[in-house]
Amino acid sequence: MPRGEHHADRPAHRVADHGGPFEPSFADIARDLFSRRRCHRPLARAADGCAGEAIKLHQVHTIARAERIGFGGGCTAAGSVLANNFDLRIAEERIRLAGSVVRMARAPLLPKVNGVVVPSLRKFGLYTMDGAGNIITDMEPGKLVPINLPDVLIGTQASWEADIWGKLKNRKKAALSRFYAGEQAKELLTTVLVAETATAYYDLLAYDQELRLLDETIRLQKQALEMVRVQKQTAVTNELAVQQFEVQLLDQEGLRTQVEQRITDTETLLNLLAGRYAREIPRDSAFFEAGSLPELQHGIPTRLLLERPDVRRARLELDASDAELEAARVAFLPTLTFTAGAGFQGYRMGILFRIPESIAYSLIAGLSAPLLNRNMLKGDYERTLAGRQE
């Protein structure tokens, strides 16, 4: 395969098209990629109570990372790539989705409190204990309990599950790990996109140099052809030598056409990554005039491995699977719940807010455990176990 044809087959990231003004500087991108200093960035940690703030924090760290690798300042091309690429947008929405799951996982750890207004109308059978007792009982002085008894309750109801086995905490831990894994997936996409941009730009510079060499070769080949033709006219050489030089000239011109096509393909790829329509890519040939590449700080190989986003993501996914597996295991154990309510209750509005006569409250504690038909719990445990093994 000729050099550069892989660009046509390379799966480029999809980007949004826009027609606004855009002035890229790919030379700054590539030069800074080779000259950047190694910098350590801790993983963005979300506060337990605010996953949305963690998403904003992730966006700030992404911008800071882009500035460290040369995407800051006036380099609008890189900003367009990071802002308009569809894969990055999908990753960001997945982070938002994971943040919502974190909020949902936190909710069961706190008491659930609802305001209630419950109007009702009841009639007891006369041959029941309540009906027989009410028909001869005064609800107020000189006023029997009505056969059709209205009732109004205004107040609050609360319920809370005591996390005695750590089931709810493990679910919350799994949701947080999924959230951080989504963050690392976005980091991986950004890294791949940056690498594709830098590789394509330096391929473009190499093709430019190859095109210059071919132009110079073609110019010299034409001069040599003219000399051979003159020699043929003076009987110094024959027609075979002339045809040989013509074939060599045509071969060089064919190579030049191939290089021009590679340049067009590479510029198309860079414009696609930059989120714009096809146009010429400005480039800086000073890279080849420097004579040598800047020295890169490799650091410790093990640390480089730990800083890879895909490795971090895999570790976070494993932590999430462990937490989900533990939560599924303890779901078979008894659950302790508390239910409470308080408010005002009466059969008519005139006496509803009398204190203390109309005050009503309740407090109930319950311990429950699954005994029969535990297939749903077993299925959830087996599903979680299979996901962890995967």
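Now for a description of the structure that goes with this document. As the structure is a computational prediction, the values presented were derived from the model and not from experiment.

## Overview of the overall build of the chain
Consideration 1: Summing up its helical and strand segments, the chain has 12 helices and 6 strands in all.
Consideration 2: Per-residue burial for the chain yields a buried fraction of 33% across its 390 residues.
Consideration 3: The long-range fraction of contacts in the chain, counting pairs at least 24 apart against all pairs at least 6 apart in sequence, stands at 82%.
Consideration 4: With the model as given, the accessible surface of the chain reaches about 23900 Å², and the carbon-plus-sulfur share is 58%.

## Here we look at empty space enclosed by the protein
Consideration 1: All chains considered together, the criterion is met by 3 cavities of 30 Å³ or more.
Consideration 2: Here the largest cavity defines a volume of roughly 90 Å³.
Consideration 3: Contributing to the lining of the largest cavity are R122, F124, L126, D130, G131, N134, I135, V145, P146, I147 and L149.
Consideration 4: Among the residues making up the lining of the largest cavity, the classes are represented as 7 nonpolar, 2 polar and 2 charged.
Consideration 5: By volume, the second largest cavity amounts to about 70 Å³.

## Points about the pattern of salt bridges
Consideration 1: Counted according to the given criterion, the structure contains 16 salt bridges.
Consideration 2: Between R96 and E93 there is a salt bridge; the shortest N-O distance is 3.9 Å. Within this pair, R96 and its partner E93 are both found in helix α5 (residues 86–106), separated by 3 residues, close to a single helical turn.
Consideration 3: Residue E93 is classed as partly exposed on the basis of its relative accessible area of 48%.
Consideration 4: Among the ionic pairs, R229 bridges to E246, the shortest N-O distance being 3.0 Å. With R229 in helix α7 (residues 167–233) and E246 in helix α8 (residues 239–274), this pair connects stretches of sequence that are 17 residues apart.

## Side note on the environment of G379
Consideration 1: Note that G379 resides in helix α12 (residues 375–389).
Consideration 2: Taking the C-alpha atoms as reference points, G379 and A328, 51 residues apart in sequence, are found 9.5 Å from one another.

## Focus on the nonpolar core
Consideration 1: Core analysis: the largest hydrophobic core is formed by 15 residues, its most contacted members being V81, L193, L204, V259, I263, L270 and L273.
Consideration 2: Among the nonpolar cores identified, the runner-up in size contains 10 residues, and V102, A175, L176 and L316 belong to it.

## Quick look at the packing of aromatic side chains
Consideration 1: A full pass over the atoms with the stated rule returns 4 aromatic pairs.
Consideration 2: On the numbers, 5.8 Å between centres and 80° between planes, the contact of Y201 with Y202 is edge-to-face. There is no split in this pair, since Y201 and Y202 are both buried.

## Some thoughts on the sheet that holds strand β4 (residues 149–162)
Consideration 1: Strand order in this open sheet of 4 strands is β1-β4-β5-β6, and the pairing throughout is antiparallel. Strand pairing shows two members of the sheet lacking a second neighbour, β1 (112–122) and β6 (359–368), which therefore form its edges. Going across the sheet, the axis of each strand differs from the next one's by a mean of 20°, ignoring polarity.
Consideration 2: Bridge count between strand β5 (residues 335–346) and β6: 10 bridges; the pairing is antiparallel. In the sheet register, T337 faces β6, and the bridge partner there is G366.

Conventions we followed
Residues numbered from 1 in each chain as written. Predicted model: local features only at pLDDT ≥ 70, side-chain atom pairs only at ≥ 80, totals over all residues. Heavy atoms only, no water. Helix = DSSP H or I, 4+ residues; strand = E, 2+ residues; numbered from the N terminus. Buried < 20%, exposed > 50% of the residue type's maximum accessible area, 1.4 Å probe, protein only. Contact = heavy atoms within 4.5 Å. Areas by Shrake-Rupley, 256 points an atom, 1.4 Å probe, with all protein chains shown as cover. 1 Å grid on protein atoms, 1.4 Å probe; cavity = no way out; pocket = protein on both sides within 12 Å on 5 of 7 lines; lining within 4 Å. Points joined across faces, edges and corners; volume = space filled by probe spheres on them. Nonpolar A, V, L, I, M, F, W, Y, C, P; charged D, E, K, R; others polar. Salt bridge = Lys/Arg side-chain N within 4 Å of Asp/Glu carboxyl O. Core = buried A, V, L, I, M, F, W, Y, C linked by side-chain atoms within 4.5 Å. Phe/Tyr/Trp six-rings, centres within 6.5 Å; stacked < 30°, edge-to-face > 60°. Pairing = 2+ DSSP bridges. Axes fitted to C-alpha atoms, helices over the stretch in contact; angles between N-to-C directions.

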